[in-house]
Amino acid sequence: MAPHRLPCALLVFAFYILTSGTIIISRTTSPALTASPTIQQLISRRFRGLEEDISKPPIVPVLDNPTCGKRNPDGIGFRIAGGKDESEYGEFPWMVAILQQEQVRDHVENVYVCGGSLINPSVVLTAVHCVLNKSPNQLKVRAGEWDTQTKNELFAHQDRQVIEIVIHPDYFKAGLYNDIALLVLDTPIELNDGIQTICLPPPNARFDYQRCHVSGWGKDLFGKAGAYQAILKKVEIPIVPHQQCQTALRSTRLGPKFMLHPSFLCAGGVEGRDACKGDGGSPLVCPIEGSAPSYQQVGIVSWGIGCGGEIPGVYVDVAHFRTWIDGQIESRRFNASSYMLSR
């Protein structure tokens, strides 16, 4: 569950190809995925039943007074009996998939690019490296996704076209500094039990040693042994203090003079517990003290060295950019209350 651990280059991501009725899993390296269905099996599966005749559309209850950051730890409507790292349906209702539209022969396919989070019904928070050099008309956002290979979910997902990509002006590609971006959608996402916004922390807040969750559809292990996930996964990891993380990173190929940029925070460093390749742009969220089960997004998956080892993963420090985010939201006349905790 984290991007390919290369801090000085753009990250390489596995992707899902989502067609109008089928899903294909692909990747940029080996042609087969460990513990994953074959391409032929995937082609035969219907994705979310888009080609079925539906006499009555599902009724999606819209919340009258939605508040941000409400995790559903027991899921919505049912619980699964999967592994401990599989999320429940609707557990992280702010999680979105960022898709790229590509022309394939005579039709357009939607290719999974990265994760993101909903901070306003019209705005998604993600990493710059996910959307760099892409035009808005190439991208769409999917909210309400959970299991990419089944149509048996309570509420239909919602797709929206991206109309603007807002990249932090100080983004530095070689080191991934200031790796934060906003995607503005053509029409607002309709909030419901399974789709909600995430709260954002106050400027420059610190979260050292807190136990937090990162979610995504990325690999479960680094390298060829890893497999990409159909069901949204979650991992609980601790926030690692900045200096401690820098020391750990200096023990790697980055060398003893490596300086961890202040736009980053670190989490993990626990064997077998990490984000991995394919999770770039996905949110790292921590519980808000005194407001359980409310959560705030403290990080965005950015880069790291390997996956699931003793070296912490590196995330965008969202609190570091809170003032910038507020300015972008307000300048476009969106309501910042969508990511402010309502008590």
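Since the structure is predicted, the reported quantities are computational estimates derived from the model, not experimental observations.

### Side note on the overall build of the chain
Here is step 1: The helix and strand tally for the chain stands at four helices and 14 strands.
Here is step 2: Across the 343 residues of the chain, 58% fall into the buried class.
Here is step 3: Within the chain, contacts between residues separated by at least 24 positions form 70% of all contacts whose residues are at least 6 apart in sequence.
Here is step 4: For the chain, the accessible area works out to roughly 14500 Å², and carbon and sulfur atoms hold 53% of it.

### Examining the state of the cysteines
Here is step 1: Here the structure, examined in full by the defined rule, presents four disulfides.
Here is step 2: Disulfide pairing places Cys 68 opposite Cys 199 at an S-S distance of 2.0 Å. With the S-S bond torsion at 90 degrees, the cross-link from Cys 68 to Cys 199 turns out right-handed. Separated by 131 residues along the polypeptide, Cys 68 in the loop between helix H1 (39-43) and strand S3 (95-104) and Cys 199 in the loop between strand S8 (181-185) and strand S9 (211-216) bring together distant segments of the chain. Exposure class is identical for Cys 68 and Cys 199. Each is buried.

### Some thoughts on the sheet that holds S9
Here is step 1: Taken together, the six strands give a closed barrel; going around it, the order is S9-S10-S11-S14-S13-S12, and neighbouring strands pair in antiparallel fashion. Here the strands of the sheet are splayed against their neighbours by 45 degrees on average, with no regard to which way each runs.
Here is step 2: Strands strand S10 (233-240), strand S11 (264-268), strand S13 (295-303) and strand S14 (312-317) of the sheet are contacted by helix H3 (residues 242-250), whose axis makes an angle of about 130 degrees with S14.

### Notes on the confidence of the model for the chain
Here is step 1: Per-residue confidence for the chain averages 77 on the pLDDT scale, and 71% of its residues sit at or above 70.
Here is step 2: Segment residues 2-66: pLDDT under 50, and 169 contacts once partners within four positions in sequence are set aside and those in other chains are kept.

### With respect to the packing of aromatic side chains
Here is step 1: Evaluation of the coordinates by the stated rule reveals six aromatic pairs.
Here is step 2: Their ring planes at 70 degrees and their centres at 5.6 Å tell us that Tyr 89 and Trp 146 sit as a pair that is edge-to-face. Pair noted here: Tyr 89 is in the loop between H1 and S3 and Trp 146 is in the loop between strand S6 (139-143) and strand S7 (158-167), with a separation of 57 residues, a long-range link.
Here is step 3: Judged by its relative accessible area of 3%, Tyr 89 falls in the buried class.
Here is step 4: Between Phe 258 and Trp 303, the ring centres sit 6.1 Å apart and the planes meet at 85 degrees, which makes this aromatic pair edge-to-face. With Phe 258 in the loop between H3 and S11 and Trp 303 in strand S13, the pair connects residues that are 45 residues apart, well separated along the chain.
Here is step 5: Residue Phe 258 is classed as buried on the basis of its relative accessible area of 16%.

### So, the pairing of strand S4 (residues 107-120)
Here is step 1: In terms of burial, S4 is a largely internal element, 12 of the 14 residues being buried.
Here is step 2: Bridging between S3 and S4 involves 10 bridges; their strand directions are antiparallel. Paired with Val 104 across the bridge in S4 is His 107.
Here is step 3: Hairpin connection, S3 to S4: the antiparallel pair is bridged by two residues, and Arg 105 has positive phi, about 55 degrees.
Here is step 4: Relative to strand S5 (residues 123-126), S4 runs antiparallel, the two sharing three bridges. Bridging across to S5, Leu 118 finds its partner in Val 124.

What counts and how
Residues numbered from 1 in each chain as written. Predicted model: local features only at pLDDT ≥ 70, side-chain atom pairs only at ≥ 80, totals over all residues. Heavy atoms only, no water. Helix = DSSP H or I, 4+ residues; strand = E, 2+ residues; numbered from the N terminus. Buried < 20%, exposed > 50% of the residue type's maximum accessible area, 1.4 Å probe, protein only. Contact = heavy atoms within 4.5 Å. Areas by Shrake-Rupley, 256 points an atom, 1.4 Å probe, with all protein chains shown as cover. Disulfide = S-S within 2.5 Å. Pairing = 2+ DSSP bridges. Axes fitted to C-alpha atoms, helices over the stretch in contact; angles between N-to-C directions. pLDDT = per-residue confidence, 0-100. Phe/Tyr/Trp six-rings, centres within 6.5 Å; stacked < 30°, edge-to-face > 60°.

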